Amino acid sequence: MKRIAIIGGGASGLAAALSAARTDPKAEITVLEGLDRVGKKILATGNGRCNLTNSDLTAAHYHSSQPEMMENFLAEMPTWRTLDFFRALGLWCAEEEMGRIYPNARQASAVLDVLLNGLEHSGVRVECGVKIKTAARTERGFRLAAEDGRVFSADAVILAAGGWAAPKQGTDGTGFALARQLGHSYRPPFPCLVPLKCAEPALKGLKGVRAHGTVVLTRDGTELGRENGEIQFTDYGLSGIPIFQLSCLLGRDAAGAELTVDLLPDWTLEKLMRELRRQAKQSRADALERFLPGLIHKKLLYALMKQAGLSPLSRRVSSVKKQEPRALAEHMKVWRFHVIGTQSWEQAQVTGGGVLLDEVNADLSSRCCPGLWLAGEVMDVVGDCGGYNLHWAWCTGLTAGEAAAR
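The rules behind each value
- Residues numbered from 1 in each chain as written.
- Predicted model: local features only at pLDDT ≥ 70, side-chain atom pairs only at ≥ 80, totals over all residues.
- Heavy atoms only, no water.
- Buried < 20%, exposed > 50% of the residue type's maximum accessible area, 1.4 Å probe, protein only.
- Helix = DSSP H or I, 4+ residues; strand = E, 2+ residues; numbered from the N terminus.
- Pairing = 2+ DSSP bridges.
- Lys, Arg positive; Asp, Glu negative; His and termini not counted.
- Salt bridge = Lys/Arg side-chain N within 4 Å of Asp/Glu carboxyl O.
- Contact = heavy atoms within 4.5 Å.
- Core = buried A, V, L, I, M, F, W, Y, C linked by side-chain atoms within 4.5 Å.
- Axes fitted to C-alpha atoms, helices over the stretch in contact; angles between N-to-C directions.

### Some remarks on the pairing of strand β11 (residues 156–159)
Side chains Ala156 and Ile158 project from β11 onto one buried face, and the interleaved Val157 and Leu159 project onto a second face that is buried too. In the sheet, strand β1 (residues 3–7) pairs with β11 via four bridges, with the strands oriented parallel. The partner of Ile7 across the bridge, within β11, is Leu159. The pairing of β11 with strand β20 (residues 372–374) spans three bridges and is classified as parallel.

Following this line, the structure appears as structure tokens:
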């Protein structure tokens, strides 16, 4: 009887366990989870609704230091693969805007329930409270030693221990240490889908303000990427989905990085200048603080006026000089923020970096250690918001589980 040990009871680990059990019902399959229960991080995804996957599944939504290899893996992971997996478990799904796919119940707990039911009926053994600290290949297979002194043996191992992001959900970087013990190297990890910290003091008074716009990330003047959507201003920097997406392009070093925010992306600079000048001539407001009501959020407008030199805000609108509307328009279209880093791992949704893709085969078996497979966040692939990271977790787990069982 083949013994398969799966290190990690998250999305990729549970998918691997079920896939292995389906492929070889006689195999002895054990999930080793460090927390007191499996699937804890699943319950927190999609704001508790669990964005399972996405119908717009293209390589453009993923990032890796080896993009060509990443595309090869993704070619074998269409959206229907995730949907078929869950449909077989009794979970029905529905698509929302931007191709995002959720369980019909819109409850992450429903996803975990069908996974747990599947484990129970397939005979998979689940061991919680087991933090594997060392892993070694022996003549008879693998020896896995836990923090509490327990030792587990296996003929095959699937490493699905996650990365560093959201440590309260059980991801503490153990997967990288174990990968190295088994002969792998990895790209140094960094927080992804995470708010960015900026140096501008003006942010102190903008905490809680939200605005739609376009954000561009540059490094030393070179554009790395741009995103549209709702931007959240905080007292330390910028947040919101556009910022999360761009954080994946930043890497470990923020040196030379800058964000520029366009608060009126549908307006050209020339159109905005003309409108500001017209408003300045026709406005009945007696002071700048009552000027341009409704154009953008009042707090943002005040901050930009000060940066553009339209101060004090008690100035009369009639005192606005011809060149000042242009300065204000330019600031509305290109508001610069100097990035000094990311928020901590606690606020990151996923981990960038990880085991290099050229160290695994097409079936996710290790090229460094026979009998080892890898799945999920431990590898150097990270997806955008929208179900892409969970899709990667499910599909790599399915591939690794099936291959290990065979």
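### So, the side chain of Asp384
Looking at the secondary structure, you find Asp384 in the loop between β21 (382–383) and α10 (388–405). Buried within the structure, Asp384 lacks any salt-bridge partner; its nearest side chain of opposite charge belongs to Arg100, at an N-O separation of 8.9 Å. Beyond its immediate sequence surroundings of up to four residues, Asp384 is in contact with Ala60, His61, His63, Leu193, Gln245 and Asn389.

### Focus on the pattern of salt bridges
If the charged atoms of two oppositely charged side chains come close together, the side chains can form a pair. Scanning the entire structure with this criterion turns up 18 salt bridges. When the shortest N-O distance is used, the salt bridge between Arg3 and Asp155 registers 3.0 Å. Placement of the pair is Arg3 in strand β1 and Asp155 in the loop between β10 (151–154) and β11, with a sequence separation of 152 residues. Judged by relative accessible area, Asp155 falls into the partly exposed class, the value being 28%. With its nearest N and O atoms 3.1 Å apart, the salt bridge here joins Arg187 to Asp380. Taken together, the positions of Arg187 in strand β12 (residues 186–192) and Asp380 in the loop between β20 and β21 put the pair 193 residues apart, joining distant regions of the chain.

### Overview of the nonpolar core
In terms of nonpolar packing, the biggest core is built from 77 residues, with Ile4, Leu144 and Trp394 touching the most fellow members. Broken down by element, the residue count for this core peaks at eleven residues, all from α10. Filtering out sequence-adjacent residues up to four positions away, Ile4 remains in contact with Ala20, Ala27, Glu28, Ile29, Thr30, Ala156, Ile158, Ala404 and Ala405. Residues Leu263, Leu276, Leu328 and Trp335 belong to the second largest nonpolar core, which totals 45 residues.

### Focus: the sheet that holds strand β16 (residues 237–239)
Spatial strand order, β13-β16-β15-β14-β17-β18: six strands in a closed barrel with antiparallel pairing. Mean inter-strand twist for the sheet, computed between neighbouring axes without regard to direction, equals 45°. Note that strand β15 (residues 222–233) and β16 share two bridges and pair antiparallel. Across the sheet, the residue bridging to Phe233 is Leu238, located in β16. The strands touched by helix α8 (residues 298–307) are β14 (210–219), β15 and β18 (335–342); relative to β18, the strand with the most contacts, the crossing angle is about 105°. The sheet contacts of helix α9 (residues 324–333) involve β17 (257–262) and β18, and relative to β17 the element is tilted by about 115°.

### As for α9
Of all ten residues making up α9, seven are buried, and the element is well covered by its neighbours. Of the residues making up α9, those classed as buried are Glu324, Pro325, Ala327, Leu328, Ala329, Met332 and Lys333. In this fold, the buried residues of α9 make contact with β17, α7 (269–282), α8 and β18.

### Remarks on the sheet that holds strand β2 (residues 28–33)
Here we have five strands laid out as an open sheet, ordered β7-β2-β1-β11-β20, and parallel in their pairing. The strands lining the two open edges of the sheet, one partner per strand, are β7 (125–128) and β20. For this sheet, the mean angle separating the axes of adjacent strands, direction not counted, is 20°.

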